[in-house]
Amino acid sequence: MKILIAGGAGYIGSKLIPHLIERGYGVDVADLFWFGDHLPEEVGKLKKGILELTESELKGYEQVIFLAGLSNDPMAEYSPGLNFIHNAAAPAYFGYIAKRAGIKRYIYASSCSVYGYTENELYDETSPAVSNYPYGISKLQGEQAVMQMRDPEFSVICLRQGTVSGYSPRMRLDLIVNTMFKSAMMDGVITVNNPAIWRPVLSIRDAVTAYIRAIEAYPTISGIFNVASGNYTVGEVADLVCASIKEHMGKDIGLDIQHKKDYRNYKVSIEKARNILSFKPRYDIDGIVQDLIGNYDRFRDMSKPGYYNIEVFKKLKI
């Protein structure tokens with residue numbers, strides 16, 4: 001099977017693609033390579049924006065995955081206009097040309113950010129998705145655009161991901177567990193802005209599994225699926241990161257607990273993904289931290305701007 005991954009040179013793609021190659025898939029990537037190229041040599045690479053792709057360039061692929069777009073709230077708030085172009089218009093256009101090109105399945109990387117702010121409720125895919133900020137709004141618009149294209153010959157699977165964390169060859173240190181690990185290593189202290197808010201966290205290794213399960217799902221399956229390794233309060237994540245570093249590195253890490261207001265607060269059920277896609281996460285916070293410790297030498301210089309998406313984005317002339 002041949003798969004084209006839009007935005008495949010980023011944090012998730014750089015981790016996912018080697019696993020797809022190991023399973024015998026042919027993988028090509030369409031990407032602007034804002035964050036460099038950390039892909040295996042055998043991957044076909046097309047340096048193009050999504051809106052520049054043509055229907056003819058998609059012919060011959062059986063599935064496509066959309067990993068492109070602006071990847072977090074800081075990028076979206078820095079440039080709301082570009083956010084809506086890359087996160088709402090681009091996935092819609094990509095779906096349109098993919099369906100016309102005869103693609104059989106479109107997998108869309110969505111986000112649990114679409115749920116916005118909730119209190120003491122476990123949200124499933126039928127719960128209200130009401131975000132009031134550019135990133136969450138745009139991810140929901142992307143979902144709605146591609147889901148309305150599905151039919152018996154064109155499967156669409158949207159993965160609403162928790163905050164992904166863990167090591168990738170295209171490393172990021174602006175994600176909840178990764179950020180806490182960076183603060184612990186650089187400062188010896190983890191700052192928690194609000195310990196009470198909830199976040200679904202997704203180990204990048206579990207994210208790889210989620211995409212594989214989506215690719216290999218029965219051909220007629222379509223739908224929206226929450227995917228996370230677990231739900232945690234931010235205060236709990238900090239405690240678990242500290243405990244893991246103490247156990248595996250012998251370092252005592254301090255905490256600076258603050259109580260700032262946050263506009264995102266949600267926890268999600270993954271039962272639909274478990275029952276339909278057979279997605280069964282394996283890695284908790286300790287597993288994520290062990291992954292970071294095991295690869296620490298690969299990103300030890302944590303001051304590099306390339307590890308922080310907003311820093312790279314600000315320097316782009318777009």
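See the structure shown above.
Residues numbered from 1 in each chain as written. Predicted model: local features only at pLDDT ≥ 70, side-chain atom pairs only at ≥ 80, totals over all residues. Heavy atoms only, no water.

## As for the sheet that holds strand β8 (residues 163-165)
Phase 1 of the analysis: One open sheet holds the three strands; their spatial order is β8-β10-β12, and the pairing between them is mixed. Among the strands making up the open sheet, the edge pair consists of β8 and β12 (230-233). Between one strand axis and the next, the sheet turns through 45 degrees on average, direction left out of account.
Phase 2 of the analysis: Its contacts with the sheet put helix α7 (residues 204-215) on β8 and β10 (198-203), and the angle it makes with β10 is roughly 75 degrees. (Pairing = 2+ DSSP bridges. Helix = DSSP H or I, 4+ residues; strand = E, 2+ residues; numbered from the N terminus. Axes fitted to C-alpha atoms, helices over the stretch in contact; angles between N-to-C directions. Contact = heavy atoms within 4.5 Å.)

## Structural notes on the packing of aromatic side chains
Centre distance and the angle of the planes are the two values used to describe a pair of aromatic rings.
Phase 1 of the analysis: Considering all chains together, one arrives at twelve aromatic pairs under this definition.
Phase 2 of the analysis: Relative to F94, the ring of F66 has its centre 6.0 Å away and its plane inclined at 50 degrees; by these criteria the two rings are tilted. Of this pair, F66 sits in strand β4 (residues 63-66) while F94 sits in helix α4 (residues 80-100), and the two are 28 residues apart along the sequence. Here the two residues F66 and F94 agree in accessibility, since each one is buried. (Phe/Tyr/Trp six-rings, centres within 6.5 Å; stacked < 30°, edge-to-face > 60°. Buried < 20%, exposed > 50% of the residue type's maximum accessible area, 1.4 Å probe, protein only.)

## Some thoughts on the nonpolar core
Phase 1 of the analysis: With 47 residues, the main nonpolar core has I5, I65, I157, L159 and Y211 as its most contacted residues.
Phase 2 of the analysis: Counting residues per element, this core draws most heavily on α7, which supplies eight residues.
Phase 3 of the analysis: Among all residues touching I157, those that are not within four sequence positions of it are R105, Y106, I107, Y108, A214, A217, I221, S222, G223, F225 and L277.
Phase 4 of the analysis: Core analysis: the next-biggest nonpolar cluster, separate from the first, contains 30 residues, V192, Y232, I245 and Y308 among them. (Core = buried A, V, L, I, M, F, W, Y, C linked by side-chain atoms within 4.5 Å.)

## Side note on helix α10 (residues 285-294)
Phase 1 of the analysis: Residues of α10 that are buried: I285, G287, I288, V289, D291 and L292.
Phase 2 of the analysis: Two to three positions downstream of the cap, the backbone nitrogen of D286 sits 3.3 Å from a side-chain oxygen, assigning the N-cap of α10 to D284. (Polar contact = N/O pair within 3.5 Å; in protein donor to acceptor, adjacent residues only side chain to side chain.)

## With respect to the pattern of salt bridges
Pairing is possible between side chains that carry opposite charge, provided their charged atoms lie close to one another.
Phase 1 of the analysis: The full count for this structure, using the stated rule, is 13 salt bridges.
Phase 2 of the analysis: With a shortest N-O distance of 2.9 Å, K45 and D37 are connected by a salt bridge.
Phase 3 of the analysis: You can call K45 partly exposed: its relative accessible area is 38%.
Phase 4 of the analysis: Since its relative accessible area comes to 40%, D37 is described here as partly exposed.
Phase 5 of the analysis: Ionic pairing is found between E271 and R274, a salt bridge with its closest N-O pair at 3.3 Å. With E271 and R274 both in helix α9 (residues 271-277), this residue pair falls three residues apart, about one helical turn.
Phase 6 of the analysis: Linked through salt bridges whose partners overlap, the residues forming this network are E55, K59 and R100. (Salt bridge = Lys/Arg side-chain N within 4 Å of Asp/Glu carboxyl O.)

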